[in-house]
Amino acid sequence: MKKWLHASSGIAIGFAALAVPQAVFAQDAETQSGSSSGGFQEIVVTAQKKAENIQDVPISITAIGGEALASTQGTSLQALQGQIPNVQIDNFANTPQSAVFTVRGIGVIEPDPYAGNTVSIVVDGVPQFFSMGALLDLYDVDRIEVLRGPQGTLFGANTTGGVINVVTAQPTGDFGGHVKAVYGNYNRMDLTGSIEAPLVKDVLSLKVAGIHTQRQGWVTNVVDGSDMGRKNLDAVRAYLKFTPGSNFDATLQGEYVNARNGSPIVINGARPGEALYTAPGTAGPGTGGMYVSPCAINASDSGMCSAPDKYYGANNSVPDQSNMDTYSGTLTMNWRNTGLGDWTAITGYKHFKLREFTDQDGTPLFLNDTYRRTEGWQFSQELRTNLELSDTLNVLVGGFYLKNHYDHIQAYRLQFAAPGLLQTNLQDQDNYSISGFTQAYWQATDRLKLQAGIRYSHEKTESTPSLITSIGDPSGSNYTGIGNTVIGSFTVGGQKSWNNVGWKLGADYEVADDALLYASWARGFKSGGFTARVGVPADGDTPYDPETVDTFEAGIKADFLDRHLRVNLAAFYTNYRDMQVAQIYFDNATSTQGNRILNAGKSEIKGFELETTAIPVEGMTLRASLAYLDAKYKQFLYADPLSGQLLDLEGYRLQNAPKWNATMGANFVIPLGNSADLVSDISYTYTSSKYYTAILDTLRSRIQPTHLVDASLTYKPDGGAWSVGLWATNLLDSRYMSTVFDSPGYAGLAGYAPPRQWGGSVSFDF
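Worth saying up front: this structure is predicted, and the values here are computed from it rather than measured. Per chain, the residues get numbers from 1 upward, laid out in the order the sequence is written. The predicted origin of the model limits local features to residues at a pLDDT of at least 70 and limits the giving and counting of side-chain atom pairs to 80 or more, whereas totals for whole chains, interfaces and linings rest on all residues. Here the side-chain values reflect all heavy atoms present in the structure, with hydrogen atoms and water set aside.

Attention shifts here to the overall build of the protein chain. What counts as a helix is a DSSP run of H or I of at least four residues, what counts as a strand is a run of E of at least two, and both are numbered from the N terminus. Helices and strands together make up the secondary structure of the protein chain, namely three helices and 44 strands. Here the protein chain has a C-alpha radius of gyration of 26 Å; the compact-globule value for 766 residues is 27 Å, and the two agree. Along the first, second and third principal axes, the C-alpha atoms of the protein chain reach 75 × 60 × 55 Å. Going through the 766 residues of the protein chain one by one, you find that 58% of them count as buried. The contact rule is simple, with two residues in contact once any of their heavy atoms fall within 4.5 Å. Looking at the protein chain alone, contacts between residues at least 24 apart form 68% of all its contacts between residues at least 6 apart. Neither His nor the chain ends contribute to the count of charged residues, in which Lys and Arg are positive and Asp and Glu negative. The location of each charge is read from NZ of Lys, CZ of Arg, CG of Asp or CD of Glu. Placing the 55 positive and 74 negative side-chain charges of the protein chain at their respective mean positions leaves the two points 1 Å apart. Each radius of gyration reported is based on C-alpha atoms, and the globular scaling rule is 2.2 Å times the count of residues to the power 0.38. Each residue is assigned to one of three classes by its accessible area relative to the maximum for its type, calculated with a 1.4 Å probe on protein chains only: buried under 20%, partly exposed between the two thresholds, exposed over 50%.

This is the structure in structure tokens:
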């Protein structure tokens, strides 16, 4: 009985991580079982840059373990969309390589790097500045920690929404590894694995991990019948860990990612009478007939776009390419017991190149398209020490430096305005950031702990964007603009720096051994900048201002019934000032796409996250979460470029901020007679409607409520050295819109959520 208890509770808790914060991840065989009575195991996270039990961290945080992450069958962070309370993980409508992370209604919906981020993606201690490529490829990951609310004191600027902290599986010093193969519909084939080999026992160890994933797209091109949105990616990551003694270790790691995907898909979301709308043809796919737009409505419709049963798109004017190469390296060094605390130094470098084409109109007609090429790099250095000044006082002190640069070209062809009309946007931008921080923790009594932190930041941006408008090749084969007749050009931008002091004050109190009450006040900051994808000089001639966030949060983390029931509740209120809002518009006077970052006067956000996990009997784990979000503008006078009117948007909902988000799931471990286990898991995710890329909350930009069911069945023999499983995501094959960019009078750029995917997997550990 005890053997079954240990195995079943460990496996079940691992799967429970799919939908529940405080998700449990397996660290080793000894901790799988949790307590001797089969309760929850201890979960160690580094959300406060030190190892702590997740239930002792006074933050609203979700931790997802590597085994649970792999069971989602996703190959990027986007697989977690809807599964984490008050967290949206998307991409921009027509640039799938650009991540859109929104936490508690705070996020940036803009494809180019000049807009920065409000949710920081941190990989092994290194913040990822660029949203391009930030939908990380997930393989050999130890855990993902999602921190909600401003995290500026410890993680710096651009974390007004929160932090997604990704920790890869580091070398252990022991020989071992794993291999997993996945096959699914749409000709999906994945192969992931890792191997570690000690080079010098207990001193030097080498580890290599990698992934290959490929699949066809689920959208059919009506022009030639081909699939659209295919994926083909290879990545390899290597570590070299040096441990000469008990007081020092250094890990050098490098990664290369090669993505050769299909070009971004634009589904024509125009309505009858709009510029890019063409009447649907009666011919089938491959004949060039136009599909019915998901946003083409009549008087009896609701005004929202609606996904069809079959996904059709069109690309007839650009190569089917979205190629990205990423190189990165990290050096992490730890010194312990130095007399001045335990020191950590993290040096990071990343370089990427992105090249992609987009048939921008999404029709069989040659109307408009884009060619985009971006090259960027970043270098960062963090140095910190953790000081135990006394038995009751702990202080973390550190400094951080970041420099990044990118060059970007977007050649936007407006064939519908004039044959051969080309607008070439050039972006050249440098960003610098330097900061110092400290955070102190004082154990005032046996049960009361107080904390206070402060961070000073200096940030500088230099930007010189330009636009060249020319007339040339009417066939549209020339994206360079060389040889074209220039009919207009301008260069704007400049340089500006910002200084900021952010802080956090908090207290937590143990009302019982397994129950923690906490409250905090955190101030977050995101620096200003210059609009770089300019269409008219006014877009980028002056910088936009920084934004500031004050979040007040209170919560409880409690385990009951001998750690068989976990209930965590967080409630928050956010005062959001000078919120940066990306505006994309079409200037009819110049036939130009314009872009700006606006500063909304004030927004107000409030809500809660309730998360529960239970182990009612041996072999069963139940989980549920419920999140509420009320995110609205409080002061925002908006100049509408279409009507020319000045509108008061008080009470309008923020973008990408659904009011409700809920999850439910169950995991059952059934012992078989041959000392093996059959593990079944089913989960349900609900996300209420939200507005995507439309400041005015237009009906076309509204994404419908989504209901998704995932399931898996896995056979694991005694010892678990190998397993075989079946899985399905979106089991009911529900069809949904995922993104809609609304441009009234011009078009809507729409995207579809994935249909049902299913397949099987085989894994082996050694």
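After presenting the structure, the write-up continues.
Turning to the state of the cysteines, a few remarks are in order. The term disulfide refers to a covalent linkage connecting the sulfur atoms of a pair of cysteines. We call a pair of cysteine sulfur atoms a disulfide whenever their separation is within 2.5 Å. On inspection of all chains with the given rule, the structure shows one disulfide. The disulfide that involves C295 links it to C305, with 2.0 Å between the sulfurs. Between C295 and C305 the sulfur-sulfur dihedral comes to about 105°; the bridge is accordingly right-handed. Of this pair, C295 sits in the loop between β18 (267–268) and β19 (312–313) while C305 sits in the loop between β18 and β19; the two residues are 10 residues apart in sequence, bridging distant segments of the chain.

A pair of aromatic rings is counted whenever rings of Phe, Tyr or Trp (Trp by its six-membered ring) have centres within 6.5 Å, and the orientation is called stacked for planes under 30 degrees apart, edge-to-face for over 60 and tilted otherwise. According to the stated counting rule, one finds 21 aromatic pairs in the structure shown. With centroids separated by 5.5 Å and ring planes inclined at 90°, the aromatic side chains of W503 and W521 adopt a geometry described as edge-to-face. Residue W503 is located in strand β28 (residues 494–512), and its partner W521 is located in strand β29 (residues 515–526); the two are separated by 18 residues in the primary sequence. Joined through ring pairs, the aromatic side chains of F129, F130, F352 and Y406 make up one cluster.

What follows concerns the confidence of the model for the protein chain. Residues at a pLDDT of 70 or more form 92% of the protein chain, whose mean pLDDT is 89. Predicted confidence is poor over residues 1–36, with pLDDT under 50, and the contacts of this stretch with residues over four places away or in other chains come to 109 contacts. Confidence of the predictor in every single residue is expressed as pLDDT, which spans 0 to 100.

Moving on, we get to the sheet that holds β19. We call two strands paired when DSSP finds no fewer than two bridges between them. In spatial order, the strands read β15-β14-β19; together these three strands make up an open sheet with mixed pairing. Lying at the two open borders of the sheet, with one neighbouring strand each, are β15 (227–228) and β19. The sheet contact formed by strand β14 (residues 219–221) and β19 spans two bridges and is parallel. When the bridges of β19 are listed, N221 appears paired with G313.

Before going further, it helps to examine empty space enclosed by the protein. A cavity, in this analysis, means grid points on a 1 Å lattice covering only the protein atoms where a 1.4 Å probe fits yet has no way out; a pocket is instead an open set bounded by protein on both sides within 12 Å along at least five of seven lines, and a residue lines either one if it has an atom within 4 Å of a point. Grid points are joined across faces, edges and corners, and a volume is the space filled by probe spheres set on the points. Summed over the entire model, instances satisfying the criterion amount to 14 cavities of 30 Å³ or more. Estimated volume of the second largest cavity: approximately 400 Å³. Forming the boundary of the second largest cavity are 32 residues, of which F129, A157, N158, L402 and E459 lie nearest the centre. Elements that contribute at least two residues to the lining of the second largest cavity include exactly β8 (126–128), β23 (393–414), β24 (421–443) and β25 (448–463). All residues other than Ala, Val, Leu, Ile, Met, Phe, Trp, Tyr, Cys, Pro, Asp, Glu, Lys and Arg, Gly among them, are scored as polar; the first ten of these are nonpolar and the last four charged. Classifying every residue of the lining of the second largest cavity gives 11 nonpolar, 17 polar and four charged.

A few words now on unusual backbone geometry. Backbone geometry at R104 places phi at a positive 55°, although glycine is not the residue there. Structurally, the position occupied by R104 is in the loop between β5 (95–103) and β6 (106–107). The exposure class of R104 is buried, given its relative accessible area of 3%. Positioned with a positive phi, D733 is a non-glycine residue whose angle comes to about 55°. Note on placement: D733 falls in the loop between β41 (722–729) and β42 (737–743).

What follows is about the pairing of strand β36 (residues 660–671). Direction of pairing for strand β33 (residues 620–635) relative to β36: antiparallel, over a ladder of nine bridges. Each bridged residue has a counterpart across the sheet, and for S625 the counterpart in β36 is T663. One ladder, built from 11 bridges, connects β36 with strand β37 (residues 677–687); its direction is antiparallel. Its bridge partner lying in β37, A666 is registered against I682. Between the antiparallel neighbours β36 and β37 lie five residues, among them S675 with a positive phi of about 65°.

Below, the discussion takes up the pattern of salt bridges. When a carboxyl oxygen of Asp or Glu is within 4 Å of a side-chain nitrogen of Lys or Arg, the pair counts as a salt bridge. Applying the stated criterion across every chain, the model contains 36 salt bridges. A salt bridge links R447 to D513; the nearest nitrogen and oxygen atoms lie 3.5 Å apart. Taken together, the residues span a long stretch of sequence, with R447 in the loop between β24 and β25 and D513 in the loop between β28 and β29 at a distance of 66 residues. When its relative accessible area of 64% is taken as the criterion, D513 is described as exposed. What you see here is one network of salt bridges that share partners, running through R104, R148, E553, E609 and E611.

As for its position among the elements, A440 is in strand β24. Exposure remark for A440: the relative accessible area of 24% places this residue in the partly exposed category. Note: C-alpha distance between A440 and G453 (13 residues apart in sequence) is 6.2 Å. With near-sequence residues (within four places) excluded, A440 lies in contact with N394, V395, L450, Q451 and A452.

Here Y291 shows up in the loop between β18 and β19. For Y291, a relative accessible area of 5% corresponds to the buried category. In this structure, the C-alpha to C-alpha distance between Y291 and P364, residues 73 residues apart in sequence, is 9.3 Å.

Attention now goes to the nonpolar core. Among the buried residues, those of types Ala, Val, Leu, Ile, Met, Phe, Trp, Tyr and Cys that are joined through side-chain atoms within 4.5 Å form a nonpolar core. Counting residues in hydrophobic clusters, the biggest one holds 27 residues, and the most contacted among them are V219, I267, Y291, Y311, M737, V740 and Y752. What M737 contacts, discounting residues up to four positions off in sequence, is P294, C305, S306, A307, I703, Q704, A750, G751, Y752 and A753.

Attention now moves to the sheet that holds strand β43 (residues 747–752). Strand order in the open sheet made by the three strands is β18-β43-β42, with antiparallel pairing throughout. Two strands bound the open sheet, and with one partner strand each, they are β18 and β42. One ladder, built from six bridges, connects β42 with β43; its direction is antiparallel. Each bridged residue has a counterpart across the sheet, and for F741 the counterpart in β43 is L749.

With that settled, consider the pairing of β41. Here strand β40 (residues 706–716) pairs with β41 via five bridges, running antiparallel. Residue pairing for β41: A711 is matched across the bridge by A728.

Moving on: the side chain of S763. Mapped onto the elements of the fold, S763 is located in strand β44 (residues 757–765). There is a polar contact of 2.6 Å between the side chain of S763 and the side chain of S723. Residues contacting S763, with those up to four places away along its chain left out, are V179, K180, A721, W722 and S723. Counted as a polar contact is a pair of N or O atoms within 3.5 Å, where, for protein atoms, one must be capable of donating a hydrogen and the other of accepting one, and residues adjacent in sequence contribute only when both atoms are in side chains.

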